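# Topology and contacts: notes
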Amino acid sequence: MSFGIVIGPRVRKSPFYEATVAAGVQSFTIYNHMYLPISYGDPAAEYQRLTEGVSLWDVAAQRQVEVRGPDAERLVRRLTPRELKRVEAGRCFYVPMCDHDGVLINDPVLLVLAEDRYWLSIADGDMLFWVQAVAREGGYDVEVCEPDVSPLAIQGPKAADVMRDLFGGWVDEIKPFRFREARLNGMPLVISRTGWSKQGGYELFLQDSTRGLELWERLFDAGRPYGIGPGAPNYVERVESALLSYRADTDEDTDPLEAGLERFVNLERDDDFIGKQALKRRAQNPTRKLQGVVLDGSPIGPNQHPWPLSLDGERVGEVRAAAYSPRLERNLGLAMLSLAAGKSDREMDADSEPGPRKAWVTPLP
């Protein structure tokens, strides 16, 4: 019996889909009901481009939820436990979002377009429906929609060279977590100094989905002198950099404090936010925390399945993500651990799929 893949209307293609196919994409995942490229068939080359050169990613599946109207700022503050200061146009903020039980339900980047207009650049989750419901139930005077916005990410130490050649030296003036609006041959863009890597780079938010192929080709042409190649959010680099992956590193009951996001949570805010009282209760009795671990044994391929961790035969947590780091020449992981185990320097037993391994706690970068 043979099996095929049917591309139907329930899963959307990005404006850059045809460009990724022409570039040799080998694997997709489904993210926000869209096809998200995850591999072009040569993981070592993709990792090298990201860490030493420049890589172009189709991240249009990183959808935007637009909040616009007189109550937009008030609603945005209601949605996140982060206290937002100096909310001015041109700034970006990492904003964890919780439900009423204090559980982390998304961790978008907020882009402040104007005092009455915001984008939530979301992780994988139906946040459009959540924000619409909160707005309607709370009586906020806002419009909540998904705009025609599709991001491309250009990442790596040579990304700035490509952007400078294509747009001019003003792109160097964009500070991390800032953005500017621009046009390229008439294409309306928002260009931010952001991206899901720690190798440096930009995200270009295209506001005309009919011109996706044109934008991809312009970036690719500008990047040829620097060895640009296609890539995708890189599993190995994100484990090395301890970049949180929502619902990969977290489970259905993880709160932002357990996920290591306490610097983005202010429980003493004067105003209210969704999940505030629940988070206060959770903060009084913490039981676990996301930690870094080192694992022994042969190099681990990117692992997407939790591995139980035990100490003296007692389960103390699980490895949520693991991969071999070429730069550090060791296996690294992110593990949700009991507080006692997380403070211990004793070796733990990891019940990994390839076989038993030893694991030790290590500081996160």
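Provided above is the structure to which this section pertains.
What you see is a predicted model, and the numbers here were worked out from it, not measured in a lab.

## With respect to the overall build of the protein chain
The helix and strand inventory of the protein chain stands at nine helices and 21 strands. Here the C-alpha atoms of the protein chain give a radius of gyration of 21 Å, agreeing with the 21 Å that 2.2 N^0.38 yields for 365 residues. The principal-axis extent of the C-alpha atoms belonging to the protein chain is close to 65 × 50 × 50 Å. Of the contacts made within the protein chain by residues no fewer than 6 positions apart, 65% connect residues no fewer than 24 positions apart.

## Considering the side chain of R269
Along the chain, R269 falls in the loop between α7 (235-240) and α8 (276-284). Residue R269 is classed as buried on the basis of its relative accessible area of 5%. From its side chain, R269 meets the backbone oxygen of T80 in a polar contact 2.6 Å long. Among residues more than four places away in sequence, those in contact with R269 are R77, T80, P81, R82, E83 and K276.

## Examining the packing of aromatic side chains
Summed over the entire model, instances satisfying the criterion amount to seven aromatic pairs. Residues Y94 and F264 carry aromatic rings whose centres are separated by 4.9 Å and whose planes lie at 65° to one another, so their mutual orientation is edge-to-face. Highlighted residues: Y94 in strand β5 (residues 92-94) and F264 in the loop between α7 and α8, separated in sequence by 170 residues. Of the two residues, Y94 and F264, both sit in the buried class. With a centroid separation of 6.2 Å and an interplanar angle of 75°, the aromatic rings of F167 and W170 are classed as edge-to-face. Residue classification places F167 among the buried positions, given a relative accessible area of 13%. Just above the ring of Y235 sits the side chain of R238; from NZ or CZ to the centre is 5.3 Å.

## Regarding the environment of L128
Here L128 shows up in helix α4 (residues 127-138). Taking the C-alpha atoms as reference, L128 lies 22 Å from V265; in sequence the two are 137 residues apart. Among residues more than four places away in sequence, those in contact with L128 are V65, V144, C145 and E146.

## Observations concerning the state of the cysteines
Scanning the model with the defined rule gives zero disulfides in all. Looking at the unpaired C92, the closest cysteine sulfur is the one in C145, lying at 18 Å.

## Observations regarding the environment of K276
Inspection of the secondary structure puts K276 in helix α8. When the C-alpha atoms of K276 and G102 are compared, they prove to be 6.9 Å apart, with 174 residues separating the residues in sequence. Apart from residues lying up to four places away in sequence, K276 is in contact with L267, R269, D270 and D271. A polar atom in the side chain of K276 sits 3.0 Å from the backbone oxygen of D271.

Conventions we followed
- Residues numbered from 1 in each chain as written.
- Predicted model: local features only at pLDDT ≥ 70, side-chain atom pairs only at ≥ 80, totals over all residues.
- Heavy atoms only, no water.
- Helix = DSSP H or I, 4+ residues; strand = E, 2+ residues; numbered from the N terminus.
- Rg over C-alpha atoms; globule rule 2.2 N^0.38 Å.
- Contact = heavy atoms within 4.5 Å.
- Buried < 20%, exposed > 50% of the residue type's maximum accessible area, 1.4 Å probe, protein only.
- Polar contact = N/O pair within 3.5 Å; in protein donor to acceptor, adjacent residues only side chain to side chain.
- Phe/Tyr/Trp six-rings, centres within 6.5 Å; stacked < 30°, edge-to-face > 60°.
- Lys NZ or Arg CZ within 6 Å of the ring centre and 35° of its normal.
- Disulfide = S-S within 2.5 Å.

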